[in-house]
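What follows is the residue order along each chain.
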Amino acid sequence: MTGTSPFSLEGKTILVTGASSGIGRSCAQMISAMGGRLILTARNESRLQETLTQLPGEGHSISPLDLLDNPAIEPWVEQLTAVDGVVHAAGVAKVVPFRMTTESHVDELMQVNFKAPVLLTQAMLRMKKIRPNASLVFITAVADHIAPAGTAVYAASKAALNAAVRSLALETAKHKIRANSVSPGYVDTPMLERLVSTTSVDELQKLSHLGEIQPDDVAASVVYLLSDAARWVTRACLVIDGGLSVPVR
Amino acid sequence: MEALDLFRLDGKTVLVTGASSGIGQSIAEACAEVGARVVLHGRNEQRLGQVLKSLQGEGHGVIAGDLNDFDHLFALVDQLPELDGVVHCAGIDGVAPMRMVQPQMLENVFRINYMAPMVLTQRLLQRKKIRAHGAILFMSSIAAKTGKVGVGPYSGSKAALLGTMRPLALEVAKHGMRVNALCPGIVLTPLFDGFKEHIQQDVAPSYPLGLGEPQDVAYAAVFFLADASRKITGTDFSIDGGVPFT
């Protein structure tokens with residue numbers, strides 16, 4: 001079984017945000033396939049239930065949380081059991097030309113993509129819900145340094161998270177808790193489908209020189225970072241984009 | 001495919017250069033552990049034989065020689081079976097202040113750390129010895145991305161690998177092949193034999209997670225060779241215990 005593999009997640013309890021769809025859901029499935037026990041969270045309880053019933057293995061649970069509701073975070077973390085890993089997969093993406101950027105657009109993206117994972121991590125650390133040797137994985141995006149037109153605020157929110165993770169890693173190292181980012185390019189998910197209006201998903205996917213990137217591909221990178229195989233990896237960023245960013249300054 | 005299979009190398013053949021010691025040895029061991037057939041290359045035939053004995057599984061092989069001798073390199077490529085992975089671990093250090101470095105030393109460091117892996121890669125590709133969907137992995141270094149007094153020649157050679165890796169990644173993508181580089185921090189291996197005490201006393205404390213073990217880099221290499229990383233190409237990945245100031 002997975003037990004003897006250095007990439008096994010047996011014996012580990014992992015919290016996944018954004019677990020009801022896309023990358024988050026795929027991470028939950030692969031983590032459980034690798035022996036991990038899941039705590040799934042997202043806003044929509046019925047979609048969380050759907051994800052839960054499809055997971056192999058046992059001992060998984062769901063716990064809905066609205067990441068737009070900052071005061072709700074602390075009481076939610078209080079009822080959490082201690083974990084060996086967290087995957088921050090909840091996120092939102094929007095294309096808005098800079099000239100049409102409103103304060104509310106900035107607030108929305110910074111709230112979900114930056115504030116929520118920061119406040120959630122802060123609460124979990126403060127209330128000692130993250131065990132020693134745990135692994136924190138933050139899904140960012142290659143947009144953090146190669147953002148195309150129309151994505152300034154999205155890019156900024158991801159860059160903000162990336163920067164914070166690099167500092168966080170230095171603080172948590174004393175407990176052997178690691179913090180890393182996984183930075184995807186275009187991934188075939190509902191988020192990408194919703195994002196696309198003027199161009200097709202296929203056109204965007206062509207920018208990956210290795211073909212379509214599926215959520216499972218991102219999940220595999222997350223599993224590596226969660227596992228003991230990555231025990232010396234921290235403050236790092238794993239880019240998975242099929243070579244999209246290679247030619248981009 | 002089962003999830004676990006994404007992190008294994010069953011049915012795959014991997015060439016590891018610099019396999020007689022240090023990180024190369026550890027990578028060879030880890031690849032064998034997850035089911036690969038490994039071809040070990042290095043200069044020291046006796047050491048290679050010892051590593052061979054320690055590998056799990058079967059079907060592994062040894063070829064000894066100096067990659068800086070291109071006659072040997074070309075013959076090596078002709079001898080090799082088709083490969084699913086190549087890990088370029090052969091390398092040397094190159095410490096000299098830039099005001100004092102001799103041209104011959106610079107040339108030597110570049111020949112071993114950059115020319116040999118690149119000429120080997122060229123020859124393998126030209127002779128179609130790397131299968132579609134194969135993975136090429138260069139061993140760069142944290143030194144490619146940071147500055148440390150005295151490390152000029154080594155840093156240059158390791159940064160050169162990253163520079164060439166990118167066009168190479170785009171060139172081979174049409175075959176589903178991917179090319180990446182690891183940038184390890186300091187792992188105590190024979191490469192550092194001359195500096196061991198200094199590193200343990202003066203450098204190790206600055207590593208948030210301590211110094212690395214060769215096995216840490218080895219597992220990263222397995223990830224970059226396995227199907228788990230099939231959509232990752234043209235990247236350099238830092239594996240360095242989070243060290244800020246080098």
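For the structure itself, look to the data block above.
A. Geometry of the sheet that holds strand β4 (residues 83-88) of chain B. Residues and elements named next belong to chain B. Strand order across the open sheet formed by seven strands is β3-β2-β1-β4-β5-β6-β7, with parallel pairing between neighbours. In this open sheet, the two strands that pair with only one neighbour each are β3 (61-64) and β7 (236-239). Direction aside, the axes of adjacent strands within the sheet are offset by 20 degrees on average. Bridge count for strand β2 (residues 37-42) against β3 is four bridges, and the pairing is parallel. Each residue of the ladder has a partner; that of Val 39, found in β3, is Gly 61. The sheet contacts of helix α1 (residues 22-33) involve β1 (13-17), β2, β4 and β5 (130-139), and relative to β1 the element is tilted by about 170 degrees. Of the strands in this sheet, β1, β4 and β5 are in contact with helix α4 (residues 103-126), which crosses β5 at around 180 degrees.

B. Examining the pattern of salt bridges more closely. Residues and elements named next belong to chain B. Using the criterion set out here, one finds 13 salt bridges over all chains in the structure. Residues Arg 127 and Asp 78 are paired through a salt bridge, measuring 3.3 Å at the closest nitrogen-oxygen approach. Here Asp 78 lies in helix α3 (residues 70-79) and Arg 127 lies in the loop between α4 and β5, a separation of 49 residues in the sequence. On the basis of relative accessibility, which here comes to 47%, the residue Asp 78 falls in the partly exposed class. For Asp 84, the salt bridge is made with Arg 131, and the minimal N-O distance between the two is 2.8 Å. Separated by 47 residues along the polypeptide, Asp 84 in strand β4 and Arg 131 in strand β5 bring together distant segments of the chain.

C. View of the interface of chain B and chain A. Of the residues lining the interface, 43 residues belong to chain B; the matching set on chain A comes to 39 residues. Of all residues in chain B, Phe 7, Leu 209 and Lys 231 of chain B give up the largest surface area on contact with chain A, accounting jointly for 23% of the area buried on that side. Here Asp 216 of chain B makes a salt bridge to Arg 231 of chain A, at a shortest N to O gap of 2.6 Å. Secondary structure elements with two or more residues in the side of chain B that touches chain A: α5 (152-172), α7 (214-225) and β7 of chain B.

D. Highlighting the packing of helix α9 (residues 215-226) of chain A against α7 of chain B. Relative to each other, α9 of chain A and α7 of chain B sit at 170 degrees, their axes nearing to 12 Å. Taken together, the axis directions place α9 of chain A and α7 of chain B in an arrangement best described as roughly antiparallel. Contacts between α9 of chain A and α7 of chain B involve Ala 220, Ser 221 and Tyr 224 of chain A on the former and, on the latter, Tyr 219, Ala 220 and Phe 223 of chain B. Class assignment of the residues belonging to the contact of α9 of chain A with α7 of chain B gives a composition of five nonpolar, one polar and no charged.

E. Examining the packing of aromatic side chains more closely. Under the definition given, this model contains nine aromatic pairs over all chains. Their ring planes at 50 degrees and their centres at 6.0 Å tell us that Phe 7 of chain A and Tyr 224 of chain A sit as a pair that is tilted. Placement of the pair is Phe 7 of chain A in the segment before β1 (13-17) and Tyr 224 of chain A in helix α9, with a sequence separation of 217 residues. With a relative accessible area of 0%, Phe 7 of chain A lands in the buried category. Here Phe 7 of chain A and Phe 7 of chain B contribute two aromatic rings whose centre-to-centre distance is 5.0 Å and whose plane-to-plane angle is 25 degrees, an arrangement assigned as stacked. On the criterion of chain membership, the pair formed by Phe 7 of chain A in the segment before β1 and Phe 7 of chain B in the segment before β1 is interchain, its members lying in two chains. Among the aromatic residues, those joined into a ring-pair cluster are Phe 7 and Tyr 224 of chain A together with Phe 7, Tyr 219, Phe 223, Phe 224 and Phe 237 of chain B.

About the thresholds
- Residues numbered from 1 in each chain as written.
- Chains lettered and ligands numbered in written order.
- Predicted model: local features only at pLDDT ≥ 70, side-chain atom pairs only at ≥ 80, totals over all residues.
- Heavy atoms only, no water.
- Pairing = 2+ DSSP bridges.
- Helix = DSSP H or I, 4+ residues; strand = E, 2+ residues; numbered from the N terminus.
- Axes fitted to C-alpha atoms, helices over the stretch in contact; angles between N-to-C directions.
- Contact = heavy atoms within 4.5 Å.
- Salt bridge = Lys/Arg side-chain N within 4 Å of Asp/Glu carboxyl O.
- Buried < 20%, exposed > 50% of the residue type's maximum accessible area, 1.4 Å probe, protein only.
- Buried area = accessible area lost by both parts, 1.4 Å probe.
- Parallel < 35°, antiparallel > 145°, perpendicular 65-115°, else oblique.
- Nonpolar A, V, L, I, M, F, W, Y, C, P; charged D, E, K, R; others polar.
- Phe/Tyr/Trp six-rings, centres within 6.5 Å; stacked < 30°, edge-to-face > 60°.

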